[in-house]
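Residue-level structural notes
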Amino acid sequence: MLTGLADMVTNPYIMPILLSFGLIGIAIEFLIPGFGIPGIVGVISFVLYFSGQLLAGFADPLHILLFIGGILLLIMEAFIPAFGIIGGLGIIS
């Protein structure tokens, strides 16, 4: 069963779909207040995407930390007025 899941998340056709679902789910969760299905789907999609990247050998843990750091910088931009500097760094990372 785990090998089937590993084959699915490392499929080059499925990985961009997982990344897209993750981004869309998190974006909808930020735009619509409350704890709901889009945020859960987004987080699960990101976990499957990054675990597939690690299994396929395309990414190392540093890439995942850089992604999480970028998300944290974007969240900080929402609460700290820095004239777009923190948000720009989040988008770059």
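This text follows the structure it describes.
Residues numbered from 1 in each chain as written. Predicted model: local features only at pLDDT ≥ 70, side-chain atom pairs only at ≥ 80, totals over all residues. Heavy atoms only, no water.

Where helix α2 (residues 15–31) contacts helix α3 (residues 37–56), the axes come no closer than 7 Å and their chain directions differ by 150 degrees. Between α2 and α3, the crossing angle belongs to the class labelled roughly antiparallel. Crossing hand, α2 versus α3: left-handed. In this structure, α2 uses Met 15, Leu 18, Leu 19, Phe 21, Gly 22, Leu 23, Gly 25, Ile 26, Ile 28 and Glu 29 to contact α3, whose residues at the interface are Pro 38, Gly 39, Gly 42, Val 43, Ser 45, Phe 46, Leu 48, Tyr 49, Gly 52 and Gln 53. (Axes fitted to C-alpha atoms, helices over the stretch in contact; angles between N-to-C directions. Helix = DSSP H or I, 4+ residues; strand = E, 2+ residues; numbered from the N terminus. Parallel < 35°, antiparallel > 145°, perpendicular 65-115°, else oblique. Left-handed = near helix turned anticlockwise from the far one by under 90°. Contact = heavy atoms within 4.5 Å.)

Moving on, we get to the side chain of Gln 53. In this structure, Gln 53 sits in helix α3. On the accessibility criterion, Gln 53 (12% relative accessible area) is buried. Those residues within four positions of Gln 53 in sequence are excluded, and the remaining contacts are Met 15, Phe 58 and Ala 59. (Buried < 20%, exposed > 50% of the residue type's maximum accessible area, 1.4 Å probe, protein only.)

Here we come to the nonpolar core. Soluble globular proteins: nonpolar side chains tend toward being buried together. Core analysis: the largest hydrophobic core is formed by eight residues, namely Val 9, Met 15, Leu 18, Ile 26, Phe 46, Tyr 49, Phe 50 and Ile 64. Broken down by secondary-structure element, the contributors of at least two residues to this core are α2 and α3. Those residues within four positions of Phe 50 in sequence are excluded, and the remaining contacts are Ile 64 and Phe 67. (Core = buried A, V, L, I, M, F, W, Y, C linked by side-chain atoms within 4.5 Å.)

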